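Notes for the structure review
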Amino acid sequence: EDHVIFKSYRDGSKILLSPESSIQAQKDIGADIIIPLDELPPHHIDRKALAASVERSHRWEVRSLREHLKDSQQRKQAIFCVVHGGPDVEL
């Protein structure tokens, strides 16, 4: 819930990213468009697990937006979230 851990394709080292550190990393490299972390569930996921995934992504997007807004006027960078709900149109 607090963060995700990625494995570097270069050297296998672990990279920990929180919604906040992901936003800062993108700001630091001067990204014009910043994309928050989200969870991309597999297509065969059941509805309960899919709903939990969408809710987690939404919580991460809220945290990301708060981080982005701390200095958004100085940097002039845009932020766009990824919206997904799998095959369930209600989500």
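It should be noted that the structure appears before, not after, this text.
Please read all numbers here as calculations on a predicted model, not as lab measurements. (Residues numbered from 1 in each chain as written. Predicted model: local features only at pLDDT ≥ 70, side-chain atom pairs only at ≥ 80, totals over all residues. Heavy atoms only, no water.)

1. Looking at the overall build of the protein
Put simply, the rule is: Secondary structure is summarised from DSSP: a helix means a run of H or I of at least four residues, a strand means a run of E of at least two, and numbering begins at the N terminus for each. Relative accessibility thresholds used throughout: buried, under 20% of the residue-type maximum; exposed, over 50%; partly exposed, between the two (1.4 Å probe, protein chains only). Note on contacts: a residue pair qualifies if any of its non-hydrogen atoms lie within 4.5 Å across the two residues. Per-residue and other accessible areas follow the Shrake-Rupley method at a 1.4 Å probe size, with only the shown protein chains counted as cover for residues. His residues and chain termini do not enter the charge count, which takes Lys and Arg as positive and Asp and Glu as negative. For charged residues, the charge sits on one atom: NZ in Lys, CZ in Arg, CG in Asp, CD in Glu.
Secondary structure assignment for the protein yields three helices and four strands. If you list the helices and strands of the protein from N to C, you get β-β-α-β-α-α-β. Summarising its shape, the C-alpha atoms of the protein cover approximately 40 × 35 × 20 Å along the three principal directions. For the protein, the proportion of its 91 residues judged to be buried stands at 31%. Here the analysis covers contacts within the protein between residues at least 6 apart in sequence; of these, 58% occur between residues at least 24 apart. In the structure as shown, the protein presents an accessible area of about 6500 Å², 58% of it carried by carbon and sulfur atoms. For the protein, the distance from the average position of its 13 positive side-chain charges to the average position of its 15 negative side-chain charges is 4 Å.

2. A closer look at helix α1 (residues 19-28)
Turn by turn, an α-helix covers 3.6 residues, leaving residues three or four places apart pointing in a common direction. Note the threshold: Here, the arc refers to the directions that run from the helix axis to the C-beta atoms.
Turning to α1, its buried residues number three or more, namely P19, S22, I23, Q26 and K27. Taken around the axis of α1, the buried residues stretch over an arc of 135°, which confines them to a single face. The secondary structure elements touched by the buried residues of α1 are β2 (14-17), β3 (33-34), α2 (47-69), α3 (72-75) and β4 (78-79). A positive phi of about 80° marks G30, the residue just after α1.

3. Things to note about the side chain of S8
Quick note on the threshold: N or O atoms within 3.5 Å of each other form a polar contact, as long as, within protein, one can give a hydrogen and the other can take it, and as long as residues adjacent in sequence are counted only when both atoms are side-chain atoms.
For S8, the position within the fold is in the loop between β1 (4-7) and β2. You can call S8 buried: its relative accessible area is 14%. A distance of 3.2 Å separates the side chain of S8 from the side chain of D11, its partner in a polar contact. For S8, the residues in contact, after removing those within four places along its chain, are S13 and I15.

4. Section: the packing of α1 against α2
Worth spelling out the cut-off: Axes here mean lines fitted to C-alpha atoms, for a helix over just the part in contact, with angles spanning 0 to 180 degrees between N-to-C directions. By definition in this entry, angles of less than 35 degrees are roughly parallel, angles greater than 145 are roughly antiparallel, angles of 65 to 115 are roughly perpendicular, and the rest are oblique. Handedness of each helix crossing follows the sense of rotation of the near helix against the far helix: counterclockwise by less than a right angle gives left-handed, clockwise gives right-handed. Residues were grouped as follows: Ala, Val, Leu, Ile, Met, Phe, Trp, Tyr, Cys and Pro as nonpolar; Asp, Glu, Lys and Arg as charged; and all remaining residues, including Gly, as polar.
Where α1 meets α2, the axes come as close as 8 Å, and the angle between the chain directions of the two elements is 45°. Classified by the angle between their axes, α1 and α2 sit oblique to one another. With respect to the hand of their crossing, α1 and α2 are arranged in right-handed fashion. Taken together, the residues of α2 that come into contact with α1 (itself represented by P19, E20, I23, Q24 and K27) are W60, R63, S64, E67 and H68. The residue makeup of the contact of α1 with α2, split by class, is three nonpolar, three polar and four charged.

5. Examining the pattern of salt bridges
Quick note on the threshold: The rule for a salt bridge is simple: a side-chain nitrogen of Lys or Arg has to be within 4 Å of a carboxyl oxygen of Asp or Glu.
All chains considered together, the criterion is met by seven salt bridges. A salt bridge links R59 to E1; the nearest nitrogen and oxygen atoms lie 2.8 Å apart. With R59 in helix α2 and E1 in the segment before β1, this pair connects stretches of sequence that are 58 residues apart. Using a relative accessible area of 36% as the deciding quantity, one classes R59 as partly exposed. Taken together, the shared-partner salt bridges connect E1, E39, R56 and R59 into one network.

6. Side note on a nonpolar patch on the surface
Using the following cut-off: Here a patch means residues that are over 30% exposed by relative accessible area and free of salt bridges, tied together within 9 Å if like-charged and within 5 Å if nonpolar (Val, Leu, Ile, Met, Phe, Trp, Tyr).
Nonpolar side chains collect at one region of the surface, where I33, I35, F80 and V82 lie side by side and expose about 340 Å² of accessible area between them. Within the secondary structure layout, I33 lies in strand β3.

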